[in-house]
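# Residue-level structural notes
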Amino acid sequence: MDAGERELFAAGLRQATARHTGPALDDALDDLGWPEALTADPQAAVSLLFEAQGAACATSSALDAVVVAALGVAPEGAGVVLPPLGRTDPPGAVVGESIAVGGLGTAGLGRHDRAVVAAGAGEGWVATVVDTADLDRRTVQGLDPDLGLVEVAGAHVRAVSPPEPPPVPWPSAVAAGQRALAHELVGASRAMLGLARGHALERIQFGRPIASFQAVRHRLAESFVAIEAADAALAAAWDDGTPLGAAVAKAVAGRSARTAARHCQQVLAGIGFTTEHPLHRYVRRVVVLDRLLGDARSLTRSLGDDLVARGSLPAILPL
């Protein structure tokens, strides 16, 4: 899409995420043609939606669509089972003619009749389509119940089709999900920075706005730099197109979001601790999003282990 189409599409997504969440947002995205945009221009569709979704603290089935599209084997409208928090390995294991499942689902998983479960197979991966009704699902309350995550389990789940599971590019599917989540983290981080900046300009102490105090300005500046670093890592990850680039971007975005949350909380001071102020919703959201498909700490450790094992450095991303 050209610049004009992109801006019009972005405005529609911002309006949709500001007004709707959950099933209503899924319907709005269908009306806007987001599923078609995901096929035609994945980078624009993912970056625009997930940043808007993060800024509005909204939820949708979009992450399912992104991961399923990257796997390339599922029927239209299927959901997907994600790995448990903090992990990136497939959530399934082939057991004879059935599959054992242990992972997470988004709030949209229950709105799909079918779900895709990836599993390891030798040195590769396969994908199995199962009936969602055959999965045991338990709502995860936890830190951010509004996100609507569900714990998914099943000891002997029968596959719907195909009888011989096809091989799938699981690392590419994880990378697609990591880029989407990183954009959502960036959107939430920018929203937190906006809340802190607005408070700093309005809050008066000693006869002047606290935005004029050096300590406050440093915290806002450090948050801004962290967010821009995450945005740059994401742009490089899209250009690079590899699982390594996506993992780096997700790790940077998760760490930047936690940095922004910490500094913005300090700027907002006491009001930021109250449930009347919206900051707590973003803090809860970024803590959980950081853990989905690998958190900043585990991804950084994994990337370091891979570099040591390889004994060489990859090409530097064009930040």
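These figures come from a predicted structure and were not determined experimentally.

## Things to note about the packing of helix 4 (residues 42–56) against helix 5 (residues 62–71)
- Close contact between helix 4 and helix 5 brings their axes to 11 Å; oriented N to C, the two are set at 155°. One way to sum up the angle between helix 4 and helix 5 is to call them roughly antiparallel. For the pair helix 4 and helix 5, the crossing hand works out as left-handed. Contacts between helix 4 and helix 5 involve Val46, Leu49 and Phe50 from the first element and Ala62, Leu63 and Val66 from the second.
- Here the residues of the contact of helix 4 with helix 5 are counted per class, giving six nonpolar, no polar and no charged.

## Concerning the packing of aromatic side chains
- The tally for this structure, following the rule as stated, stands at one aromatic pair.
- Above the plane of the ring of tryptophan 238 lies arginine 179, whose end atom (NZ or CZ) is 4.6 Å from the centre.

## Let's talk about the packing of helix 7 (residues 214–240) against helix 8 (residues 243–268)
- Direction vectors running N to C along helix 7 and helix 8 enclose 165°, while the axes themselves pass 8 Å from each other. What the angle tells us is that helix 7 and helix 8 run roughly antiparallel. Judged by the sense of rotation from one axis to the other, the crossing of helix 7 with helix 8 is left-handed.
- Taken together, the residues that form the contact of helix 7 with helix 8 break down as 16 nonpolar, six polar and three charged.

## Notes on the pattern of salt bridges
- The full count for this structure, using the stated rule, is 12 salt bridges.
- As a salt-bridge pair, glutamate 51 and arginine 190 come within 3.1 Å of each other at their nearest N and O atoms. With a gap of 139 residues between them, glutamate 51 in helix 4 and arginine 190 in helix 6 (residues 170–202) connect regions that are remote in the sequence.
- Two residues, aspartate 290 and arginine 258, come together in a salt bridge whose shortest N-O distance is 2.8 Å.

## Comments concerning helix 9 (residues 279–291)
- Helix length check: helix 9, at 13 residues, gives a terminal C-alpha distance of 19 Å against a target of 18 Å (1.5 Å per residue), a fit within 8%.
- Listed as buried for helix 9 are Leu279, Tyr282, Arg285, Val286, Val288, Leu289 and Asp290.
- Elements in contact with the buried residues of helix 9: helix 4, helix 6, helix 8 and helix 10 (296–310).
- Directly beyond the C-terminal end of helix 9, a positive phi value near 55° is found at leucine 293.

## What about the nonpolar core?
- In this structure, Trp34, Phe50, Val66, Leu71 and Met192 are the most contacted members of the largest nonpolar core, which totals 75 residues.
- Setting aside anything within four residues of it in sequence, one finds valine 66 in contact with Trp34, Leu38, Val46, Phe50, Ala176, Gly177 and Ala180.
- Within the second largest apolar cluster, 13 residues are counted, among which are Val81, Val150, Val152 and Val157.

## Here we look at the environment of valine 225
- Mapped onto the elements, valine 225 comes out in helix 7.
- Taking the C-alpha atoms as reference points, valine 225 and serine 256, separated by 31 residues in sequence, lie 8.7 Å from one another.

## Remarks on the pairing of strand 5 (residues 124–131)
- Relative to strand 5, strand 4 (residues 114–121) runs antiparallel, the two being bridged by eight bridges. Counterpart to valine 117 in the pairing with strand 5 is threonine 128.

## Looking at the side chain of serine 47
- Position of serine 47 relative to the elements: it lies in helix 4.
- Residue classification places serine 47 among the buried residues on the basis of a relative accessible area of 8%.
- A distance of 2.7 Å separates the side chain of serine 47 from the backbone oxygen of glutamine 43, its partner in a polar contact.
- With residues near it in sequence (within four places) discarded, serine 47 still touches Arg6 and His183.

Reading the values: the criteria
- Residues numbered from 1 in each chain as written.
- Predicted model: local features only at pLDDT ≥ 70, side-chain atom pairs only at ≥ 80, totals over all residues.
- Heavy atoms only, no water.
- Axes fitted to C-alpha atoms, helices over the stretch in contact; angles between N-to-C directions.
- Helix = DSSP H or I, 4+ residues; strand = E, 2+ residues; numbered from the N terminus.
- Parallel < 35°, antiparallel > 145°, perpendicular 65-115°, else oblique.
- Left-handed = near helix turned anticlockwise from the far one by under 90°.
- Contact = heavy atoms within 4.5 Å.
- Nonpolar A, V, L, I, M, F, W, Y, C, P; charged D, E, K, R; others polar.
- Phe/Tyr/Trp six-rings, centres within 6.5 Å; stacked < 30°, edge-to-face > 60°.
- Lys NZ or Arg CZ within 6 Å of the ring centre and 35° of its normal.
- Salt bridge = Lys/Arg side-chain N within 4 Å of Asp/Glu carboxyl O.
- Expected span 1.5 Å × (residues − 1).
- Buried < 20%, exposed > 50% of the residue type's maximum accessible area, 1.4 Å probe, protein only.
- Core = buried A, V, L, I, M, F, W, Y, C linked by side-chain atoms within 4.5 Å.
- Pairing = 2+ DSSP bridges.
- Polar contact = N/O pair within 3.5 Å; in protein donor to acceptor, adjacent residues only side chain to side chain.

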